[in-house]
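Residue-level structure breakdown
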Number of protein chains: 2
Amino acid sequence: MKSRRFTLAVAVLGLTVVFASTSRAFAQSDPLPSWNDTPAKQAIIAFVGRITNAGGPDFVAPPDRIATFDNDGTLWVEQPMYVQLAFALDRVKVLAPLHPEWKEKQPFKAVLEGDMKTLAESGEKGLVEIIMETHAGMTVSEFTSIVTDWLATARHPRFKRPYTELVYQPMLELMTYLRANGFKTFIVSGGGVEFMRPWTDKVYGVPPEQVVGSSIKTKFVMRDGIPTLFRLPAVNFIDDKAGKPVGINEYIGRRPIAAFGNSDGDLEMLQWTTMTDGIRLGMLIHHTDAEREYAYDRQSHFGRLDVALDLAPTNHWTVVDMKRDWKVIFPFEKQ
Amino acid sequence: MKSRRFTLAVAVLGLTVVFASTSRAFAQSDPLPSWNDTPAKQAIIAFVGRITNAGGPDFVAPPDRIATFDNDGTLWVEQPMYVQLAFALDRVKVLAPLHPEWKEKQPFKAVLEGDMKTLAESGEKGLVEIIMETHAGMTVSEFTSIVTDWLATARHPRFKRPYTELVYQPMLELMTYLRANGFKTFIVSGGGVEFMRPWTDKVYGVPPEQVVGSSIKTKFVMRDGIPTLFRLPAVNFIDDKAGKPVGINEYIGRRPIAAFGNSDGDLEMLQWTTMTDGIRLGMLIHHTDAEREYAYDRQSHFGRLDVALDLAPTNHWTVVDMKRDWKVIFPFEKQ
């Protein structure tokens, strides 16, 4: 009886194992269903296969499986303008009654009159002025509420949907696939870190502590006995271009083995990630699909892809051709 | 037969469950064996019990279980001077042959002559000069090697052991206990982040991406076609006092529910962590054991504990009395 019980126990456990393996195999049959079976997808699968192959020469231990993703144009839409810029312009309109002087003062006048040409001419200086007026002067938690409220109601001018629905389904699958293979996924974006943190966990599965971005200075004060963090009108860190490797080192403290971007702003992140010993994955999303999303590269005001595109072949960076490589662009296109 | 198989299967699974619970209960019988059964230990156990009690009013979801730990004097020894200062002074001696002018230039002259009084008189300005000469002017990976090599050979003047052995056993147990209960443990230290990251994972189980600290500026450059991060002689961020809540917000992006410190440098971190709704745990390690470690508080040059000690009762912060509350101080004291 003892022996028989043992046999049955083994059978039960065996069945459990078989069931578990089957469901796992089924779930993993195609981890990237929204990707066409083109070289881009093959490069991802091959890379993950090699660095997770425990006996192989390219094995990377799980703690070192760090992947960094740009946000604007890599994970969500950045046309006709960066989402955060749309937010800032809306905030200028909301705050205008408190600032009657803006009617005559650039770049605010241009924003209020919808004069995008004059606004563009105000350049980076104008942009910084707008950011300081709309992103500073409140507590950190007040700013979080403002961002959350805005995202709940704002709609993309072309797609008429919340911006958080305009994320790229193939990239969501890619992040999930990497995490299932022991990766820790980080966002490393030129965008404001406190503009992203309120929603990245829900939308991308990336928690606040894995979001690196640009920031303004904050100050801690006890206000009426309550500890408070205030947002100050001063730049703290710009997480773009050569700032990206700096930000990766400062905020993550490890060198990634895979990096995903879409513009020249990601060039240095891809260099830092891939130009070293060991196999690495560098990937650029090339926006080639005017019909389903947008087509832009060298001449674009937002997300210009020029130098990095030229350097891709030499550095063995995979260039994703959205039109060719992605079956669907957005989650809502799925049946 | 079917029914009997089912019964046996249930029995087998039941046994497995019983076995698992037993071993778990055994492992958890005393998660803090190096703590005496005093109010400090009881406060920790009660706090963890309440915030992990799924049905209870104080439940905190795992992603929000963030605990922050100061390093110097909270996790490892900080007397007779901060370990990083001992490192910097040793580096001055190593680099002296390259700087003949230091023989006549303060504060370097004082370091080379072992004149601690003059060194102390050089104050923060002198300290910054020493840090810039010893912590900048190399790549990030070169600095990591320098730190690692130094820690391998340097010995504490009193205990004659590597500094990484002079960590507090009760705090190691506390970090393990918190992690076993779904916490993510972070270091938030006034010390240099790149001085800590090379060894915190091995010594504390805290990976580089969960270490927040002070930093100098770095710069990304392509040097002979190789991407390189250089350490510059300029302060980037001071993660001390009111800088700690700022650092927590900037680098972690969540508010902790538990914070552990030992000096006035941790005051604002404890305020930010505990002075809010919901139950929180704020703890100060009070060094009261001159025999086994050191006894110091209000008058100490390193790790002064004064204002925070006075504010502890009002804020319900638990003050650990090392002599009374800790059975052992260092791991090597364990049998």
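One structure accompanies this document, and this report is about it. In this text the structure is predicted, and so the values were computed from the model without any measurement.

Here's the deal with the overall build of chain A
Secondary structure summary: chain A contains 14 helices and eight strands in total. In terms of overall dimensions, chain A has a C-alpha envelope of 90 × 55 × 40 Å along the principal axes. Counting all 335 residues of chain A, 52% fall into the buried class. For chain A, long-range pairs separated by at least 24 residues make up 66% of all intrachain contacts whose partners lie at least 6 apart in sequence. Accessible surface for chain A amounts to roughly 15,200 Å². Of this, 58% is attributable to carbon and sulfur atoms. Taking the average place of the 38 positive charges on the side chains of chain A and the average place of its 40 negative ones, the gap between the two points comes to 8 Å.

Thoughts on the relation of the copies chain A and chain B
Of the transformation superimposing chain A on chain B, the axial component is 0.0 Å and the angular component is 180 degrees, with the fit at an RMSD of 0.0 Å. Those values place the two copies in the arrangement expected of a two-fold rotation axis. Here 100% of the contact residues of chain A are again contact residues in chain B; the copies associate through an equivalent surface.

Overview of the interface of chain A and chain B
In this assembly, 40 residues from chain A lie in contact with 40 residues from chain B. Counting each side, the surface lost to burial between chain A and chain B is near 3,500 Å², with a carbon and sulfur contribution of 59%. On the chain A side of the contact with chain B, E209(A), F220(A) and E250(A) bury the most area, a combined 18% of that side's loss. The salt bridge involving E209(B) is made with R254(A); its shortest N-O contact spans 2.8 Å. Linking chain A with chain B are 17 residue pairs in polar contact (both at pLDDT 80 or more), by the criterion used here.

Remarks on the pattern of salt bridges
Residues and elements named next belong to chain A. Applying the stated criterion to the full structure yields 36 salt bridges over all chains. A salt bridge links D240 to K241; its shortest N-O distance comes to 3.7 Å. Residue class for D240 comes out partly exposed when judged on its relative accessible area of 28%. According to the relative accessible area criterion, K241 is partly exposed, its value standing at 47%. For D325, the salt bridge identified is with R324, shortest N-O distance 2.8 Å.

Thoughts on the environment of L172(B)
All names here are of chain B. Within the element layout of this structure, L172 appears in helix α8 (residues 169-180). Residue L172 is classed as buried on the basis of its relative accessible area of 18%. If sequence neighbours within four positions are ignored, L172 has contacts with V167, V203, Y204 and P331.

Some remarks on the environment of T52(A)
All names here are of chain A. For T52, the position within the fold is in helix α2 (residues 39-52). A C-alpha to C-alpha distance of 8.5 Å links T52 and G182, two positions 130 residues apart in sequence. Sequence-distant contacts of T52, that is, excluding residues within four places in its chain, are made with F59, R65 and N181. Among the polar contacts made by the side chain of T52, one reaches the main-chain carbonyl oxygen of V48 at a distance of 2.6 Å.

Here we look at the environment of M81(B)
Residue and element names in this part refer to chain B. Turning to its location among the elements, M81 is positioned in the loop between β1 (66-69) and α3 (83-95). Taking the C-alpha atoms as reference, M81 lies 6.4 Å from F302; in sequence the two are 221 residues apart. In this structure M81 touches A86, L89, M116 and F302, once residues within four positions along its chain are discounted.

Describing the packing of aromatic side chains
All names here are of chain A. Applying the stated criterion across every chain yields a total of 39 aromatic pairs over all chains. When the centroid spacing of 5.8 Å and the interplanar angle of 75 degrees are considered together, the rings of W35 and W326 count as edge-to-face. One end of the pair, W35, is in the loop between α1 (2-27) and α2; the other, W326, is in the segment after α14 (322-325), and 291 residues separate them in sequence. Side by side, W35 and W326 carry an identical accessibility label, which is buried. Relative to F330, the ring of Y168 has its centre 6.0 Å away and its plane inclined at 25 degrees; by these criteria the two rings are stacked. Of the two residues, Y168 is situated in the loop between α7 (140-153) and α8 (169-180) and F330 in the segment after α14; the sequence distance between them amounts to 162 residues. Taken together, the ring pairs connect W35, F159, Y168, Y294, W326, F330 and F332 into an aromatic cluster. Just above the ring of Y294 sits the side chain of R158; from NZ or CZ to the centre is 4.9 Å. The aromatic ring of F143 is capped on one face by R231, whose charged end is 3.9 Å from the ring centroid.

Brief notes about the pairing of strand β8 (residues 318-321) of chain A
All names here are of chain A. Every second residue of β8 is oriented toward a common face, the buried set being T318 and V320 and the non-buried set V319 and D321. In this structure, strand β6 (residues 281-288) lies alongside β8, joined through four bridges in parallel fashion. Counterpart to L284 in the pairing with β8 is V319.

As for the nonpolar core
Membership of the largest hydrophobic core comes to 72 residues, with the highest contact counts inside it found for W35(B), M171(B), Y204(B) and F260(B). The dominant element in this core, judged by the number of residues it contributes, is α3(B), at eight residues. Among all residues touching F260(B), those that are not within four sequence positions of it are A67(B), T68(B), F69(B), D70(B), T74(B), M171(B), L174(B), L178(B), M269(B), L281(B) and M283(B). In terms of nonpolar packing, the next biggest core, distinct from the first, is built from 71 residues, W102(A), Y163(A), V211(A) and F330(A) among them.

Criteria and cut-off values
Residues numbered from 1 in each chain as written. Chains lettered and ligands numbered in written order. Predicted model: local features only at pLDDT ≥ 70, side-chain atom pairs only at ≥ 80, totals over all residues. Heavy atoms only, no water. Helix = DSSP H or I, 4+ residues; strand = E, 2+ residues; numbered from the N terminus. Buried < 20%, exposed > 50% of the residue type's maximum accessible area, 1.4 Å probe, protein only. Contact = heavy atoms within 4.5 Å. Areas by Shrake-Rupley, 256 points an atom, 1.4 Å probe, with all protein chains shown as cover. Lys, Arg positive; Asp, Glu negative; His and termini not counted. Charge placed at Lys NZ, Arg CZ, Asp CG, Glu CD. Least-squares fit on C-alpha atoms with pLDDT ≥ 70 in both. Buried area = accessible area lost by both parts, 1.4 Å probe. Salt bridge = Lys/Arg side-chain N within 4 Å of Asp/Glu carboxyl O. Polar contact = N/O pair within 3.5 Å; in protein donor to acceptor, adjacent residues only side chain to side chain. Phe/Tyr/Trp six-rings, centres within 6.5 Å; stacked < 30°, edge-to-face > 60°. Lys NZ or Arg CZ within 6 Å of the ring centre and 35° of its normal. Pairing = 2+ DSSP bridges. Core = buried A, V, L, I, M, F, W, Y, C linked by side-chain atoms within 4.5 Å.

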